[in-house]
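So the chains spell out like this:
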Amino acid sequence: MTSLFLLCSLVIILFVRMCCAICQSQGQFPLTQNVTVVEGGTANLTCRVDQNDNTSLQWSNPAQQTLYFDDKKALRDNRIELVRASWHELSISVSDVSLSDEGQYTCSLFTMPVKTSKAFLTVLGVPEKPQITGFTSPVMEGERMQLTCKTSGSKPAADIRWFKNDKEVKDVKYLKEEDANRKTFTVSSTLDFLADRSDDGAVVSCRVDHESLNSTPQIAMQVLEIHYTPLVKIISSNSWPEEGQSIILTCESKGKPVPEPVLWTKDGGELPDPERMVVNGRVLSISFLNKTDNGTYRCEAKNPIGRNSTEYVLIVHDPNALAGQTGPDHALIGGIVAVVVFVTLCSIILLGRYLARHKGTYLTNEAKGAEDAPDADTAIINAEGSQVNAEEKKEYFI
């Protein structure tokens, strides 16, 4: 009876332990993380288990080949090494990663049943250094330029940006093509514009951005050389030239190639006085100015691309006339006075003639008919003959 009781107790204890082991194994689960690495770099794959009752861990590659079983290496690949092996962790490293290493790796925990966790290894393809094509030196002003920047081997496809003197150019064309390996891409971008003289010496750069470059873009540069006709301008040393003075006219000409020595002319012909008008390179000097120097002076510059010219009108001023203009204009004042005197005399003459025509006499109120007369003349006429002493009563006015 006692033996039977002990046997039953032993069976119960074994059953409980087996149940506990099964429950504990059901709570175990391997944990992994996806990994991204640049081609040629090293990938670290880690598998962890929080609770483990001495159950083995294993790493296998996308082809389901075992890489490591616990601390035992299973695949002969010198690039794969053990980093850490314990009951709770199995970590391995893959060096010199290539695009073919990309894929899904599996960590297995050999419980009943076997439990697994997946980790995807992403390999970034590094873009090759870009190159700019399509530039032929030199380019004539007004010609159309098409510069193409290309880079291969990027995964995913790289981004290309254009800059001219550090200022980004937005209006460009972009093309993406899959490489023969069907894993990487070749991308190209075209910059299309008309050549302008302001572009001469400009630095055009093509910049390739990609996540594999660690924020350090790859750049290709091209310095532009634009040929254009001369731009001509005349600068005078004297803004108000006077007789007896001198003047220097400088002809500034800018072009590419550099313009030849300039040609000076006056009023469409040669300079009339070589002794006073001296040309030294781009400078025309005229000494002892006089009125005969007045005229239009032309400066012409040319290079193999073309020619251009500009004009300067020279007016030589009389210093005496200029000084007279600074004081009062006595002639003008004399003229005004004469006009005023003439107008005054004319007014006096006209007034005298008017008064002379209306000169007359009149009787005072003591004369007969004076009160009835409308004016002095009538009163005198009415009084004549009736007043003996009328002459004594006359009064005159002017």
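Residues numbered from 1 in each chain as written. Predicted model: local features only at pLDDT ≥ 70, side-chain atom pairs only at ≥ 80, totals over all residues. Heavy atoms only, no water.

This is how it is decided: UniProt positions are given in the numbering used here, feature names are shortened, and annotations may be inferred rather than shown by experiment.
If you look the chain up in an unreviewed UniProt entry, it shows as Cell adhesion molecule 2 from Strigops habroptila. One UniProt comment on the chain, placed under Subcellular location (unreviewed entry), says "Membrane". Under the UniProt heading Sequence similarities (unreviewed entry), the note attached to the chain is "Belongs to the nectin family."

### A short note on the overall build of the chain
For the record, the criterion: In this text, helices come from DSSP runs of H or I with a minimum length of four residues, and strands from runs of E with a minimum of two, each type numbered from the N-terminal end. Using a 1.4 Å probe on the protein chains alone, a residue whose accessible area is under 20% of its type maximum counts as buried, one over 50% counts as exposed, and one in between counts as partly exposed. The contact rule is simple, with two residues in contact once any of their heavy atoms fall within 4.5 Å. For accessible areas, the Shrake-Rupley method is used with a probe of radius 1.4 Å. Any residue's cover is judged against the shown protein chains and nothing else.
When helices and strands are counted, the chain shows 5 helices and 27 strands. Put simply, the chain has 398 residues, and 33% of those count as buried. Contacts in the chain between residues at least 24 apart in sequence constitute 60% of all its contacts with a sequence separation of at least 6. In the form shown here, the chain has an accessible surface area of approximately 25000 Å², with 55% of it arising from carbon and sulfur atoms.

### So, the state of the cysteines
Counted only if it meets this: Any pair of cysteine sulfurs within 2.5 Å is marked as a disulfide.
Tallied over the full model, the rule gives 3 disulfides. What pairs with C47 in a disulfide is C107, and their sulfur atoms sit 1.9 Å apart. Sign of the S-S torsion, about -75 degrees for the bond between C47 and C107, identifies this disulfide as left-handed. Of the two residues, C47 is situated in strand 2 (residues 43-48) and C107 in strand 8 (residues 103-109); the sequence distance between them amounts to 60 residues. Judged by relative accessible area, C107 falls into the buried class, the value being 0%.

### Some details on the packing of aromatic side chains
What counts is decided by this rule: Two rings from Phe, Tyr or Trp (for Trp, the six-membered ring) form a pair when their centres sit within 6.5 Å of each other. Planes less than 30 degrees apart are called stacked, planes more than 60 degrees apart edge-to-face, and all others tilted. By the criterion adopted, a ring carries a charge over it if an Arg CZ or a Lys NZ lies within 6 Å of its centre and within 35 degrees of its normal.
Applying the stated criterion across every chain yields a total of 1 aromatic pair. The ring of F193 has K164 lying over it, and the distance from NZ or CZ to the ring centre is 4.2 Å. Geometry around F185 places K176 over its ring, the cationic atom sitting 5.4 Å from the centre.

### Considerations on the confidence of the model for the chain
We count it as follows: Along the chain, pLDDT gives the predictor's confidence residue by residue, from 0 to 100.
Looking at the chain as a whole, its pLDDT mean stands at 84, while 80% of the residues score no less than 70. In this model residues 13-25 is a low-confidence stretch, pLDDT under 50, and it forms 2 contacts with partners more than four residues away in sequence or in other chains. Contacts from residues 385-398, a stretch scored under 50 in pLDDT, to residues over four places away or in other chains number 21 contacts.

### Notes on the environment of Q104
Here Q104 is to be found in strand 8. Take Q104: its relative accessible area is 39%, and that puts it in the partly exposed class. Setting aside residues up to four positions removed in sequence, Q104 forms contacts with N61, P62, K118, A119 and F120.

### Topic: the sheet that holds strand 25 (residues 306-314)
Our working rule: Any two strands with at least two DSSP-identified bridges between them are counted as paired. To get an axis, fit a line to the C-alpha atoms, keeping to the stretch in contact for a helix; angles then go from 0 to 180 degrees between the N-to-C directions.
Taken in spatial order, the 3 strands make up an open sheet running 21-24-25, and their pairing is antiparallel. Pairing within the sheet leaves two strands with one partner each, and these edge strands are strand 21 (263-266) and strand 25. Ignoring which end each strand starts from, the neighbouring axes of this sheet average 20 degrees apart. In the sheet, strand 24 (residues 295-303) pairs with strand 25 via 9 bridges, with the strands oriented antiparallel. Among the inter-strand pairings, T296 is bridged to a residue of strand 25, identified as V313.

### Digging into the pattern of salt bridges
To be explicit about the condition: We define a salt bridge as a contact between a side-chain nitrogen of Lys or Arg and a carboxyl oxygen of Asp or Glu at a distance within 4 Å.
The full count for this structure, using the stated rule, is 21 salt bridges. Across the pair E168 and R161 runs a salt bridge whose closest N-O atoms are separated by 2.9 Å. Overall, E168 belongs to the partly exposed group, its relative accessible area being 25%. Between E178 and R182 there is a salt bridge; the shortest N-O distance is 3.8 Å. Residue R182 is classed as exposed on the basis of its relative accessible area of 63%.

### Remarks on the sheet that holds strand 6 (residues 80-85)
The 3 strands lie next to each other as 2-7-6, forming an open sheet whose pairing is antiparallel. Edge positions in the open sheet fall to strand 2 and strand 6, since each of these has one partner strand only. Strand-to-strand, the axes of this sheet are offset by a mean angle of 20 degrees, without reference to chain direction. Looking at chain direction, strand 2 and strand 7 (residues 89-94) are connected through 6 bridges and run antiparallel. Paired with N44 across the bridge in strand 7 is S93.

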